[in-house]
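Each chain is listed here by its residues.
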Amino acid sequence: MTENRWTINEYVTYILLTLVFLASWTDINGIFAELPQIILTQPEGARLGAYLALITNFGNIAPLILILIKCFNKKQTLNPIPINYIVISIGMASCFSLIFFWQYTRMIFNQNYSIALLILAFFLSLLDCTSSISFADYIQKFRAEFTSALFLGESLTSIVPSLLAIAQGNGQLRCTSINGTNVTEAVYETARFSVSLYFLCLFLLLTISFISFVLLQWTSIPQHAFQINRKISLKPNEDNQETTSTLFQQKSPTSSESLSLNRTSYLLLSFGCTYTSSILFGMLLSISAYVLMPYGQEIFYLGTILSPWMFTLVWILGMIKPSVSKRSILLLILMGTMTFLFELFIALNSPCPMWVHTMKGNVLILSIWLCTYVLLGYPRLVIANYVRNYSSSGMFWYGVNVQCGALIGSIVAFLLIETFSLFREVIPCEPSKC
């Protein structure tokens, strides 16, 4: 094997890793992608999204437990392998249960709630929040070239559910007049297949992820993909079996590449990861309707469908240029912050922001919306390539920073929207007086 040319097994390993990481947020992202269809039959209606967002934040309890275990066992590192087995398995069980029980409701305090959907979403959020850490920690076992598989899998967790929603005809609406008057109402198109079949597709995706993880653990396919400084057994029936059943493993010696960052730079890059994650996975998801909907249902639809593809573009950029200077990282984050602040300004002026009802406004806001994902997503990927070389636990704490950022961003957005009521919603098919 040469330095610059991969073997067939290494390409297969990269694909298997991508499929494993597809299990991270596919289920929760899938529920949110299916919301336009679910709210048509559930008692909460449009408020269901707020309930699900709150429950998803509660899922950060699980990563907190991992962090505490990590801190109390400083001489040992958490072994992500058994954690990944648990994460994917329970995710499969929860998705399978959704097929049959997603519509189940129960009366609580004289109010009807989608109790089964909310409980299963909570379990999924526990596991997905954990996977952000355990999957990031798991990729550290492999050579640096395989780190980008984590980001490809991450991008697919949004893309695949959105493609399923498009195939289903989810979210498509038309405005019809009421009794021949000038008053219009939004009518959602009938879906091509049911919500239960949609959840069945998500279950099959998680099953593929589980099979991929088993192949990585119990075959010799990834034997040339592991880091050289780690002693990995090529006999799956011997040492791998012991590794799978053991929650902790001894630290491996730190390589000389760990000296590429000093402590101050590492802390600053970690903060950069938390900051970019707070916007990408906390703020943008929460304010998307207030930013895009004033410019029309079509712009809102395009923005929500195309934004996951920007993570794939980030992955491509990471493959072409996996690292840039720290100064360039700062510059990109500053540019991404400027575009985000512009979007925040638009949201604060909803439902009548600047250039509303104009083609210039439509093109501008859609372009800026998509650029924010790239400007903040790419430096986040580069930061991962830096911190994985800082220590053997670099990617573990990278995953922690991602979850902390997402939690902080979601809380800030919730306060701005629910507590302070700074944004005003645009109702589909209702003409705005601007």
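Just so we're clear, the structure is a prediction, and the values are computed from it rather than from any experiment.

Student: An account of unusual backbone geometry is requested, with residue identities and associated values reported.
Tutor: Look at the link from S350 to P351: it is a cis peptide, with omega at 10 degrees. Tracing the sequence through the fold places P351 in the loop between α13 (326-348) and α14 (359-387). In this structure, W355 is a non-glycine residue whose phi angle is positive, near 60 degrees. Relative to the assigned elements, W355 resides in the loop between α13 and α14. When its relative accessible area of 36% is taken as the criterion, W355 is described as partly exposed.

Student: So what's going on with the packing of aromatic side chains? Residues and values would help.
Tutor: Tallied over the full model, the rule gives 24 aromatic pairs. An angle of 20 degrees between the planes, with centres 5.8 Å apart, marks the rings of F281 and F311 as stacked. With a gap of 30 residues between them, F281 in helix α11 (residues 263-292) and F311 in helix α12 (residues 297-320) connect regions that are remote in the sequence. A network of ring pairs unites the aromatic residues W6, Y11, Y14, Y85, Y138, F142, F146, F210, F213 and F226 as a single cluster.

Student: For the pattern of salt bridges, give the residues involved together with the corresponding values.
Tutor: All told, the structure shown has three salt bridges when counted by the stated rule. Note that E10 and R143 form a salt bridge whose closest N and O atoms lie 2.9 Å from each other. Linking E10 in helix α1 (residues 8-21) with R143 in the loop between α7 (115-139) and α8 (148-168), this pair joins segments that are 133 residues apart in sequence. When its relative accessible area of 1% is taken as the criterion, E10 is described as buried.

Student: I'd like a description of a nonpolar patch on the surface, backed by residues and values.
Tutor: A surface patch of nonpolar side chains, about 900 Å² in accessible area, is lined by L54, F58, I61, I65, L348, I411, F414, L415, F420 and L422. Looking at the nonpolar patch, the elements that each hand over two or more residues are α4 (48-58), α5 (61-72) and α15 (394-419). Counting residues per element, the nonpolar patch draws most heavily on α15, which supplies three residues. Position of L415 relative to the elements: it lies in helix α15.

Conventions adopted
Residues numbered from 1 in each chain as written. Predicted model: local features only at pLDDT ≥ 70, side-chain atom pairs only at ≥ 80, totals over all residues. Heavy atoms only, no water. Helix = DSSP H or I, 4+ residues; strand = E, 2+ residues; numbered from the N terminus. Buried < 20%, exposed > 50% of the residue type's maximum accessible area, 1.4 Å probe, protein only. Phe/Tyr/Trp six-rings, centres within 6.5 Å; stacked < 30°, edge-to-face > 60°. Salt bridge = Lys/Arg side-chain N within 4 Å of Asp/Glu carboxyl O. Patch = residues over 30% accessible without salt bridge, like charges linked within 9 Å, V, L, I, M, F, W, Y side chains within 5 Å. Areas by Shrake-Rupley, 256 points an atom, 1.4 Å probe, with all protein chains shown as cover.

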